[in-house]
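Structural overview for review
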Amino acid sequence: MLLASLVQPSFGLIFWMTLSFLAVLYILAKFAWKPILNGLKEREASIADALDEARKAREEMAALNARNEDLMREAREEREVLLKEARDIRDKEIAGAKAKAKAEGDALLARAREDIRNEKNAAITEMKNQVAELSILVAEQILKTKLGDPAAQQSLVNKVMAEAEARKS
Amino acid sequence: MSTSNLLHAASFLFGSLFVGSVFAQHGSDALDPASEAIVHAIESDSEAPELIAEEVEHNGVKFNAGKLIMDHIGDEHGWHLWGHTTLPLPVILYNTERGFSVFSSSHFDHGHKTYGGYMLHEGSVVAVNAADGTDVHHATIDEAATKATWDISITKNVVSLFISLGILLFVFISVAKAYTRRAGQAPTGIQNLLEPIILFVRDDVAKSAIGPKYMKYMPYLLTAFFFIFLNNLMGLVPFFPGGANLTGNIAVTLVLALITFIIVTVNGNKHYWGHILAMPGVPGWVLAILTPVEILGMFLKPFVLMIRLFANITAGHIIALSFFSLIFVFGETSTGAGLGVGVFSLAFTIFMTMLELLVAFIQAYVFTFLSAMYIGAAVEEPYHH
């Protein structure tokens, strides 16, 4: 008898169960499940978005890095070129300056030599003149003294004649 | 804002039911024991073993395991807490001739006395024609009046139902608040505890069984799942407010199965009905057999749903209580035998309770999943080959 009552649904419980369960179902559906399920969905969407954005950001970073490296390489190359140009210019400048200095030096030297030669020539000429004057003076003196007597003049004329003769032959 | 108002309203309504049960006995001397009983119920902890022992002692009769088990898995007017302490509950009766009668179950004096023209006979209320307070043995059942009586009393199971629904309302509305308050943030506390289960019901039950239209049926599936799961668990607790065998009560599983049946039938599309009434590609004479079978199947599915949950939970309770009763059956022959068997019985009872914990989840899952499968079959769009 008790067992029979076990499988026989009682009206009262069916009544209360239907009433209260449906009421709770309605309340929960409206005030619990809706916000919970929406909240879950929104959070999942936001997480998915965040992951997506993170992936995109990573990709962008990678792209940026690649570009940075390109830029760096370009910059390095440009620097090399600039340095090389600078070196060339410097070398050229130095070479030019050296050549100019050398030319100037040479010119100076040449002028100095010229001056020296001119001075020398002048000195030589003056010395010649002075020697000639002195010789004439000496010769005049000698002649004044030696050719005072006619014999001595004759012998001299002879001697000169003889020498001229000797030179002629 | 409106959620919190509603929560207050719900808790007020819920509380008023208890107050109502206390007021119902106004005028009787049972008021103080009733409030005492509530206080005791809150103070009491694991009184359950003593409860059975006391029963054996006080009744002075031979220990009846069958009666004990049936009492525990069945329903009752008033909630037997321990020993002679019973929480009286309101008895609400409607008789087509006598009209409404509302009084406390304590008037029945544990089924020994009549009150208001009614008495308890084998656990159910029957109509009698006797003065109040007559001993039940001197009263005869009025069959005609009994047939005209509808018993919508707040029984032990109804109170348990209200408690569990109250818990569901409180827990999930507060969880829902957490979702709106902390939108888009990581879950914490109870929200964190329940979220995996909610996601499990959504992804592994609803989404996999119903398909793209699952969202519409989520409220029912979630409510059914948590209702069954909570009550399965509460049924495992041996003392108040647990201990009622709600999901092992056929009336409860009947209502749940009926709701599933109604959802399936109302939402069934052309494709679904086509397959039931006239399976495409089947010759006419086979249809003569197949169509009745399919129609029968339509009703069998929820019927099996009802029986499965009821039988599983009730069977679990019977086994656990049987092991427990062994202690007292042997204890009657000698105290030593009772103690000796007690060790093993206790071990088995613990094992059974562990198993029941698993069953509590599995049965909630199975009920929800099969409901989802039936709904899925009803709303499935025709598959284009």
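Note that the structure is predicted; figures quoted are calculated from it, not measured.

Across its full length, chain B holds 12 helices and 7 strands. Counting the 385 residues in chain B, one finds 38% classified as buried. Contacts spanning at least 24 positions in sequence make up 66% of the contacts within chain B whose residues lie at least 6 apart.

Glancing now at the overall build of chain A. If you tally the helices and strands in chain A, you get 3 helices and 0 strands. Taking 2.2 N^0.38 as the reference for a compact globule, 169 residues should give roughly 15 Å; the C-alpha atoms of chain A span a radius of gyration of 66 Å, well beyond that estimate. Principal-axis analysis of the C-alpha atoms places the extent of chain A at approximately 205 × 30 × 20 Å. Evaluated residue by residue, chain A yields a buried proportion of 9% over its 169 residues.

Okay, the interface of chain B and chain A next. The interface is formed by 42 residues belonging to chain B together with 32 residues belonging to chain A. Elements with a contribution of two residues or more to the side of chain B that touches chain A: α1 (2-23), α4 (65-73), β7 (149-151), α6 (156-181), α8 (218-236) and α9 (250-267) of chain B. Here the side of chain B that touches chain A takes 13 residues from α6 of chain B, the largest share from any one element. Looking at the side of chain B that touches chain A residue by residue, the classes come out as 28 nonpolar, 11 polar and 3 charged.

Attention now goes to the packing of helix α2 (residues 11-146) of chain A against α6 of chain B. Between α2 of chain A and α6 of chain B, whose axes approach to 8 Å, the crossing angle comes to 10°. Taken together, the axis directions place α2 of chain A and α6 of chain B in an arrangement best described as roughly parallel. Residue composition of the contact of α2 of chain A with α6 of chain B, grouped by class: 21 nonpolar, 5 polar and no charged.

Bridge count between strand β5 (residues 118-121) of chain B and strand β6 (residues 124-127) of chain B: 4 bridges; the pairing is antiparallel. Bridging across to β6 of chain B, Leu120 of chain B finds its partner in Val125 of chain B.

The tendency in soluble globular proteins is for nonpolar side chains to be buried as a group. Counting residues in each nonpolar core, the largest one holds 92 residues, and the members touching the most others are Leu28 of chain A together with Ala206 and Leu221 of chain B. Counting the residues that make up this core, at least three belong to each of domain 1 (2-155) and domain 2 (158-379) of chain B. With near-sequence residues (within four places) excluded, Leu221 of chain B lies in contact with Val201, Val205, Ala206, Thr368, Ser371 and Ala372 of chain B. Residues Ile73, Leu321, Phe323 and Phe328 of chain B belong to the second largest nonpolar core, which totals 9 residues.

Residues and elements named next belong to chain B. Here His317 shows up in helix α11 (residues 284-333). With 20 C-beta atoms counted inside 10 Å, the residue His317 sits in the buried group. A C-alpha to C-alpha distance of 8.5 Å links His317 and His72, two positions 245 residues apart in sequence. Those residues in contact with His317, other than ones at most four positions away along the chain, are His72, Ile73, Gly235, Asn245 and Gly248.

Another aspect to go through is the sheet that holds strand β4 (residues 99-104) of chain B. Residues and elements named next belong to chain B. On the basis of which strands lie adjacent, the open sheet formed by 3 strands has the order β4-β3-β7 and antiparallel pairing. The open sheet is flanked by β4 and β7, the only strands paired with a single partner. Recorded for the sheet is a direction-independent mean angle of 20° between the axes of neighbouring strands.

Basis of the calculations
- Residues numbered from 1 in each chain as written.
- Chains lettered and ligands numbered in written order.
- Predicted model: local features only at pLDDT ≥ 70, side-chain atom pairs only at ≥ 80, totals over all residues.
- Helix = DSSP H or I, 4+ residues; strand = E, 2+ residues; numbered from the N terminus.
- Buried ≥ 20, exposed ≤ 12 C-beta atoms within 10 Å, placed from the backbone.
- Contact = placed C-beta atoms within 7 Å.
- Rg over C-alpha atoms; globule rule 2.2 N^0.38 Å.
- Nonpolar A, V, L, I, M, F, W, Y, C, P; charged D, E, K, R; others polar.
- Axes fitted to C-alpha atoms, helices over the stretch in contact; angles between N-to-C directions.
- Parallel < 35°, antiparallel > 145°, perpendicular 65-115°, else oblique.
- Pairing = 2+ DSSP bridges.
- Core = buried A, V, L, I, M, F, W, Y, C linked by C-beta atoms within 7 Å.
- Domains from an automatic or database assignment.

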